[in-house]
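Structure assessment
One letter stands for each residue in the lines below.
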Amino acid sequence: MSRALFIIDVQNDFTEGGALGVEGGAAVAEGITKLLHGHPDRYDAVIASRDWHDGDNDNGGHFHPTPDYVDSWPEHCVSGTEGAEYHPALEDALIDVHVLKGQGKPAYSIFEGVTDTGETVPELLDRLDVTDIDVVGIATDYCVLASALDARKAGRRVRVLTELVAGVAPVSSAAALETMASAGVILS
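Residues numbered from 1 in each chain as written. Predicted model: local features only at pLDDT ≥ 70, side-chain atom pairs only at ≥ 80, totals over all residues. Heavy atoms only, no water.

Some thoughts on the overall build of the protein chain
The test is simple: The numbering of helices and of strands both runs from the N terminus, where a helix is a DSSP run of H or I of at least 4 residues and a strand a run of E of at least 2. As a reference, a globule follows 2.2 Å times the number of residues to the power 0.38, and the radius of gyration itself is taken over C-alpha atoms. With a 1.4 Å probe rolled over the protein chains alone, any residue whose accessible area is under 20% of its type maximum counts as buried; one over 50% counts as exposed, and the rest are partly exposed. In this analysis, two residues are considered to be in contact whenever any of their non-hydrogen atoms come within 4.5 Å of each other. Each accessible area value is a Shrake-Rupley result obtained with a 1.4 Å probe; residue values ignore everything except the protein chains displayed when judging cover. When charges are counted, neither His nor the chain ends are considered; positive counts come from Lys and Arg and negative counts from Asp and Glu. Lysine's charge is taken at NZ, arginine's at CZ, aspartate's at CG and glutamate's at CD.
Helices and strands together make up the secondary structure of the protein chain, namely 4 helices and 7 strands. For the protein chain, the sequential pattern of α-helices and β-strands runs β-α-β-β-β-α-β-α-β-α-β. Taken over the C-alpha trace, the protein chain has a radius of gyration of 15 Å; the compact-globule value for 188 residues is 16 Å, and the two agree within 12%. Across its three principal directions, the C-alpha atoms of the protein chain cover 45 × 35 × 30 Å. Within the span of the protein chain, comprising 188 residues, buried residues form 52% of the whole. In the protein chain, of all internal contacts separated by at least 6 residues, the share reaching a separation of at least 24 is 73%. When the accessible area of the protein chain is evaluated, it comes to approximately 8400 Å², of which 51% is carbon and sulfur surface. Here the protein chain holds 12 positive side-chain charges and 31 negative ones, and the gap between their average locations is 9 Å.

Shown next, in the form of structure tokens:
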């Protein structure tokens, strides 16, 4: 049995000044780095996801010139661009496994991505015998929500560290936290 940290989409395009920047994103990046430096033995695996979209198509309708901000969005986190990189305050040397999601289609949950070697997240968690997952990152009301719910569906004990998440909007973020709690996610 082991404990993992999921770092969800702490990328330049999702932090202040980015294409879809959220307020508090940079502070989340800094806080995650402080957490990992302050508790280097807390996690058996640190697993980080990134949106990694194609730059030459609409990614299955995910990119749209007139987005509805529910199912379609402005262009963001295009693979190989500065916007797709981790925020500089998040020390990527502290990350054990990188997961890319999107890649030509809409993707919100870390469970929709694959590692650098092509391993799925369920395969990774099984291989590492991960039973407990702490979740941090961006955005509370979208990718953090989807990732935490999928981790619960995968039978893991899940905790969201609420001081280390940032959402798009206060109302939808509060609703997301309620949804997670109703699904058995611990809010800490």
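Text resumes after the structure shown.
Structural notes on the pairing of strand 5 (residues 130-138)
Where we set the bar: Only strands joined by at least two bridges in the DSSP assignment are considered to pair. Crossover handedness is defined here as right-handed if the route from the first strand over the helix to the second strand goes clockwise, with the strands pointing away from the viewer.
Counting buried positions over the 9 residues of strand 5 gives 9, a clear majority of the element. Pairing geometry for strand 1 (residues 2-8) and strand 5, over 7 bridges, is parallel. Its bridge partner lying in strand 5, I8 is registered against G137. Strand direction decides the pairing type here: strand 5 and strand 6 (residues 157-166), joined by 6 bridges, are parallel. Bridge pairing links V135 to V160 in strand 6. For the handedness criterion, the β-α-β arrangement of strand 5, helix 3 (residues 140-153) and strand 6 is classed as right-handed.

Things to note about the pairing of strand 6
Sheet topology note: the strand 6/strand 7 (residues 186-187) ladder contains 2 bridges and is parallel. Bridged to R159 within strand 7 is I186. Each parallel crossover has a hand, and for strand 6 linked through helix 4 (residues 170-182) to strand 7 it is right-handed.

Here's the deal with helix 3
Extensive coverage of helix 3 is indicated by the burial of 10 of its 14 residues. Backbone geometry just downstream of helix 3 places G155 in the positive-phi region, at approximately 85°.

Quick notes on the pattern of salt bridges
Once their charged atoms are close, side chains differing in charge can pair, the charge on each being opposite to the other. Quick reminder of the rule: The working definition used for a salt bridge is a side-chain nitrogen of Lys or Arg within 4 Å of a carboxyl oxygen of Asp or Glu.
Applying the stated criterion to the full structure yields 9 salt bridges. Among the ionic pairs, R127 bridges to E119, the shortest N-O distance being 3.0 Å. The class of R127 is exposed, set by a relative accessible area of 54%. Overall, the relative accessible area of 16% leaves E119 in the buried class. What you see here is one network of salt bridges that share partners, running through R3, D134 and R159.

Focus on the side chain of D141
Using the following cut-off: Here a polar contact is recorded for every N or O atom pair within 3.5 Å, except that within protein the pair must consist of a potential hydrogen donor and a potential acceptor, and residues adjacent in sequence are included only if both atoms are side-chain atoms.
Take D141: it is sitting in helix 3. Despite its burial, D141 remains without a salt bridge, the nearest opposite charge being carried by K101 at 12 Å. Of the polar contacts made by the side chain of D141, one reaches the backbone nitrogen of V168; its length is 2.9 Å. Here the side chain of D141 touches A169 through a polar contact of 3.2 Å, landing on its backbone nitrogen. Setting aside anything within four residues of it in sequence, one finds D141 in contact with G167, V168, A169, S172, S173 and A176.

Section: the packing of aromatic side chains
This is how it is decided: Pairing of aromatic rings covers Phe, Tyr and the six-membered ring of Trp, with a centre-to-centre limit of 6.5 Å; geometry is then stacked below 30 degrees between planes, edge-to-face above 60, and tilted otherwise. Sitting over a ring, as applied to charges here, requires NZ of Lys or CZ of Arg to be within 6 Å of the ring centre and within 35 degrees of the ring normal.
Per the counting criterion, the structure on display carries 3 aromatic pairs. Taking 5.2 Å as the distance between ring centres and 90° as the angle between the ring planes, the aromatic pair formed by W73 and Y142 counts as edge-to-face. Of this pair, W73 sits in the loop between strand 2 (45-52) and strand 3 (97-102) while Y142 sits in helix 3, and the two are 69 residues apart along the sequence. Judged by its relative accessible area of 8%, W73 is buried. On the basis of relative accessible area, Y142 is assigned to the partly exposed category, the value being 23%. Counting every residue linked through ring pairs, the aromatic cluster contains Y69, W73 and Y142. The ring of Y86 carries the charged tip of R50 above its face, separated from the ring centre by 4.3 Å.

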